[in-house]
Amino acid sequence: HFFVQLAVTPQQRRHGLMFRSDMPSDMGMLFDFGQEIQLAMWMKNTFIPLDMLFVDKQGRIHKIARNTVPLSLKAIPSVSPTFAVLELNAGITRKLEIEVGNLIAHKIFDKD
């Protein structure tokens, strides 16, 4: 289980985890886009290396960008339509053996 901060407004999604120097290992941020879209994330002003999980509207992970580079302006594309992105501390997906195809349980995802 992770305790996640939700980013649902455009301003919350723009700010994300920027300017934070650390994050507890059981925490993360869940970006809810409200619909499946093609998107790209970046690490501008983000000091913490992250694992980014790109997720469809059913909660299924379709891409994991592991160990993203802090402060990078390089785009990290979703590749497939994405409903949400879960950002966790870098390395946690390998440690917990989280893989593409796994499901994330949260109230924002369809239960069908």
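Relevant structure appears above.
Novice: Sorry if this is basic, but what is going on with the nonpolar core here?
Specialist: Membership of the largest hydrophobic core comes to 16 residues, with the highest contact counts inside it found for Phe31, Met41, Met52, Phe54 and Val85. Contributing elements (two or more residues each) for this core: strand E2 (27-37) and strand E4 (50-55). In this structure Met52 touches Met41, Trp42, Met43, Lys63, Ile64, Ala65, Thr68, Ile76, Val85, Leu86 and Glu87, once residues within four positions along its chain are discounted. Of all hydrophobic cores here, the second largest spans 14 residues; its members include Leu30, Leu53, Ile64 and Ala84.

Novice: Is there a simple way to think about the packing of aromatic side chains in this case?
Specialist: Two measures describe an aromatic ring pair: the distance that separates the ring centres and the angle between the ring planes. Scanning the entire structure with this criterion turns up two aromatic pairs. Measuring from centroid to centroid gives 6.2 Å for Phe19 and Phe47, while their planes differ by 70°, and the two rings are edge-to-face. Here Phe19, found in the loop between helix H1 (10-15) and E2, pairs with Phe47, found in the loop between strand E3 (40-41) and E4; they are 28 residues apart in sequence, far enough to count as distant. For Phe47, a relative accessible area of 41% puts it in the partly exposed group. Judged by centre distance (6.2 Å) and plane angle (55°), the rings of Phe83 and Phe109 are tilted. Taken together, the residues Phe83 in strand E7 (residues 82-89) and Phe109 in the segment after helix H2 (92-95) connect sequence positions 26 residues apart. Take Phe83: its relative accessible area is 10%, and that puts it in the buried class.

Calculation notes
- Residues numbered from 1 in each chain as written.
- Predicted model: local features only at pLDDT ≥ 70, side-chain atom pairs only at ≥ 80, totals over all residues.
- Heavy atoms only, no water.
- Core = buried A, V, L, I, M, F, W, Y, C linked by side-chain atoms within 4.5 Å.
- Buried < 20%, exposed > 50% of the residue type's maximum accessible area, 1.4 Å probe, protein only.
- Helix = DSSP H or I, 4+ residues; strand = E, 2+ residues; numbered from the N terminus.
- Contact = heavy atoms within 4.5 Å.
- Phe/Tyr/Trp six-rings, centres within 6.5 Å; stacked < 30°, edge-to-face > 60°.

Remember, this is a structural readout, not a statement about activity or role.
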